[in-house]
Amino acid sequence: MTDYTESQVDAQLNAYFAKRQADRAARVRAFLDSLTPRERALFQDAAVMGYVRGSLHPRGEEIPLNADIVAAIKADVVNACFVYPDLYPAVATIERCPGFPEKCPNLRRVPADPPKHDGGVRCGCADDPDEEAL
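Everything numeric in this text was worked out from a predicted model, so none of it was measured.

(A) Quick look at the pattern of salt bridges. Summed over the entire model, instances satisfying the criterion amount to 2 salt bridges. Residue Lys19 is joined to Asp23 by a salt bridge in which the shortest nitrogen-to-oxygen separation is 2.9 Å. Within this pair, Lys19 and its partner Asp23 are both found in helix 1 (residues 6-34), separated by 4 residues, close to a single helical turn. Classification of Asp23 as partly exposed rests on a relative accessible area of 33%. Where Asp23 meets Arg20, a salt bridge forms, and the shortest distance between an N and an O atom there is 3.7 Å.

Here it is, written out as structure tokens:
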């Protein structure tokens, strides 16, 4: 058996943890890069809304199971996305234009609003006809 000093063990563990962290980051990048622009937008909207809803959960209360969350919250989350179409354009455009984004005849620019979102496009099919299309 090798007699390791504490500093050798610490160095090996640090190297191992750094490699695992880099592997996880590469796996996440590969997954996100494999998404279509529409999937990426839906993923972003869901992640942001999940964070927002989670931050509203009262501290100290038990968090329900996934199925209970989905049953109780999904309508509320979708409604919140519809109320703020500029913040959640991927979700908000689903009901308005099933061809979004590739076949939507009324694309509208969404200016970037850091740190909330990076901007992009949304469907304008339900907008007032006076608004300027792309």
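(B) The layout of surface pockets, seen in detail. In this model, the second largest pocket occupies a volume close to 270 Å³. Together, 18 residues line the second largest pocket, and Ala41, Pro89, Gly119, Gly120 and Val121 are the ones closest to its centre. Top contributing element to the lining of the second largest pocket by residue count: helix 2 (residues 37-55), with 5 residues. Considered class by class, the residues forming the lining of the second largest pocket number 9 nonpolar, 4 polar and 5 charged.

(C) Focus on the environment of Gly124. Tracing the chain through its elements places Gly124 in the segment after strand 2 (120-123). Owing to a relative accessible area of 3%, Gly124 belongs among the buried residues under this scheme. Between the C-alpha atoms of Gly124 and Arg109, which are 15 residues apart in sequence, the distance is 9.3 Å. Residues in contact with Gly124, not counting those within four places in the same chain, are Cys104, Asn106 and Arg108.

Procedures and definitions
- Residues numbered from 1 in each chain as written.
- Predicted model: local features only at pLDDT ≥ 70, side-chain atom pairs only at ≥ 80, totals over all residues.
- Heavy atoms only, no water.
- Salt bridge = Lys/Arg side-chain N within 4 Å of Asp/Glu carboxyl O.
- Helix = DSSP H or I, 4+ residues; strand = E, 2+ residues; numbered from the N terminus.
- Buried < 20%, exposed > 50% of the residue type's maximum accessible area, 1.4 Å probe, protein only.
- 1 Å grid on protein atoms, 1.4 Å probe; cavity = no way out; pocket = protein on both sides within 12 Å on 5 of 7 lines; lining within 4 Å.
- Points joined across faces, edges and corners; volume = space filled by probe spheres on them.
- Nonpolar A, V, L, I, M, F, W, Y, C, P; charged D, E, K, R; others polar.
- Contact = heavy atoms within 4.5 Å.

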